[in-house]
Amino acid sequence: MIRYDLALIGFGGVNRALAELIAERGDGLAAELGFALRVVAITDLRAGSLVRTEGAGIDLAPLLATAPGELDFSGLDGGSPEPRNEWVIRDVPADIVAEATFTNPVDGEPALSHVRWALEAGKSVCTTNKGPVALAGRALKRLAAERGAAFEFEGAVLSGTPVLRTAERMFDGLRISGVEGIMNGTSNYILGRLEAGLGLADAVREAQLLGYAEADPTADIEGHDVRLKVMIMANEVLGADLRQEDVSCEGITAIGARDIEEAAAAGLRWKLVGSAVRRPDGTVAARVAPAALPADHPLAGISGATNAVAFHTDLLGTVTVSGPGAGRTETAYALLSDIIAIHRRHLTGAETAPVRRTREETVRG
Ligand SMILES: NC(=O)C1=CN([C@@H]2O[C@H](COP(=O)(O)OP(=O)(O)OC[C@H]3O[C@@H](n4cnc5c(N)ncnc54)[C@H](O)[C@@H]3O)[C@@H](O)[C@H]2O)C=CC1
Ligand SMILES: N[C@@H](CC=O)C(=O)O
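About the cut-offs
Residues numbered from 1 in each chain as written. Chains lettered and ligands numbered in written order. Predicted model: local features only at pLDDT ≥ 70, side-chain atom pairs only at ≥ 80, totals over all residues. Heavy atoms only, no water. Domains from an automatic or database assignment. Buried area = accessible area lost by both parts, 1.4 Å probe. Salt bridge = Lys/Arg side-chain N within 4 Å of Asp/Glu carboxyl O. Polar contact = N/O pair within 3.5 Å; in protein donor to acceptor, adjacent residues only side chain to side chain. Helix = DSSP H or I, 4+ residues; strand = E, 2+ residues; numbered from the N terminus. Phe/Tyr/Trp six-rings, centres within 6.5 Å; stacked < 30°, edge-to-face > 60°. Buried < 20%, exposed > 50% of the residue type's maximum accessible area, 1.4 Å probe, protein only.

**Student:** Just checking my understanding: could you explain the domain arrangement of the protein for this structure?
**Tutor:** Domain boundaries in the protein define domain 1 (2-159 + 328-364) and domain 2 (163-324). Computed from C-alpha atoms alone, the centre-to-centre distance between domain 1 and domain 2 is 28 Å. Taking both sides of the interface into account, the surface hidden between domain 1 and domain 2 amounts to around 2,100 Å²; carbon and sulfur atoms contribute 57%. Area buried by domain 1 at its contact with domain 2 is led by Glu 154, Val 157 and Leu 158, which between them contribute 32% of it. Among the ionic pairs, Glu 236 bridges to Lys 141, the shortest N-O distance being 2.9 Å. Summed over the shared surface of domain 1 and domain 2, the number is 12 residue pairs in polar contact (both at pLDDT 80 or more). Contributions of two or more residues to the side of domain 1 that touches domain 2 are made by helix H5 (130-146) and helix H12 (328-347).

In structure tokens form, the structure reads like this:
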């Protein structure tokens, strides 16, 4: 059976949840999907780094039984107190690098370098980090193609909800004139809690505890996270080449209790909406802004951390994809879906990067 060796870069909510999926479902996934997964390296800013490329790789159970804040790789066999990211990414033999460190909305670093190092080494990458995809997606996809590696990033927009893959695989032949939607789970959750009478700070704290929020939740409530996602949607779906300065951006921090009350009295709901629309001259206008939507608007009923993206098409009218926009496990599934996509590319021969095989398959030849 084919086996993919994984290097997990960043071991926070999402990559830890991926490790849980592998630990709990690995055998079932192998039987269902036809490939085995082995974690051979983990790096984290707080815990350090752990590398084990022999036998079963890293035993995930004791790591997952340890509280995140108490994880310390330094005293373990193959462990170090330092993340050693560049050495792990470039030199530790792995097939796929799963990049799930903080999104840096300013320049996408250090994740952008992590992705570039992996692709330069001919290793495929799956990531939920919006920075590299929004700020250097075109260049990184070109590098991946040059090195025969895959670059998958379904989780960068709408967590595990397959909005990018739906557009990529199901909309052939359609002319898409624009996309708009609720693309941030944290802010949508917060707006719902404000409607319930909670204050902003308490609502933000709840979102953090639920694992929805960015490391700096300012990105969620000021719209910066949505701006990155709008850029990704515009560039991937509408063929644009937007930069951050092309996207006007306003968050939800100016929405106070009175605004919420007045909206409710008028049968409206505040939502943070990101949009990218093709102009008649073919260029794309994009923005992030709060909007008070009438109850019968398709996006008004989107609640909690649920998100939704509406695609405006010529032959189908509006097609809306909705599902979880945040959540540790939901987003870990995005990484698993990327690995499945990488596997399927490998089976079709589109993927030329080397792939390790289990001992049985090697023996069989
Ligand atoms: N949590 C969610 O619902 C979603 C998260 N994402 C994205 O996925 C990524 C990970 O999110 P979470 O796991 O929730 O964040 P998190 O904050 O729980 O985990 C990030 C981890 O990366 C580590 N880290 C930061 N810089 C590092 C470095 N230079 N080297 C090694 N490790 C480093 C941190 O120590 C932390 O453990 C972020 O980019 C986020 O924007 C995307 C979709 C949904
Ligand atoms: N903080 C983000 C995580 C997913 O991208 C959000 O809340 O949407």
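Right, picking up where we left off after that structure.
**Student:** Teacher, can you tell me more about the packing of aromatic side chains here?
**Tutor:** In this structure the tally under the stated criterion is 4 aromatic pairs. Residues Phe 151 and Phe 153 carry aromatic rings whose centres are separated by 5.0 Å and whose planes lie at 55° to one another, so their mutual orientation is tilted. Note on Phe 153: relative accessible area 9%, which makes it buried. The interplanar angle of 75° and the centroid separation of 4.9 Å between the aromatic rings of Phe 171 and Phe 311 together place this pair among those described as edge-to-face.

**Student:** What should I look at first to understand the pattern of salt bridges in this one?
**Tutor:** Two side chains with opposite charge may pair up if their charged atoms get near one another. Under the definition given, this model contains 16 salt bridges. Among the salt bridges present, the one from Arg 165 reaches Asp 338, with a minimum N-O distance of 2.5 Å. Remark: Asp 338 occurs in helix H12 and Arg 165 occurs in helix H6 (residues 163-170); sequence separation between them is 173 residues. One exposure class covers both Arg 165 and Asp 338, and it is buried. One salt-bridge network, in which partners are shared between bridges, spans Glu 86, Arg 90, Arg 116 and Glu 120.

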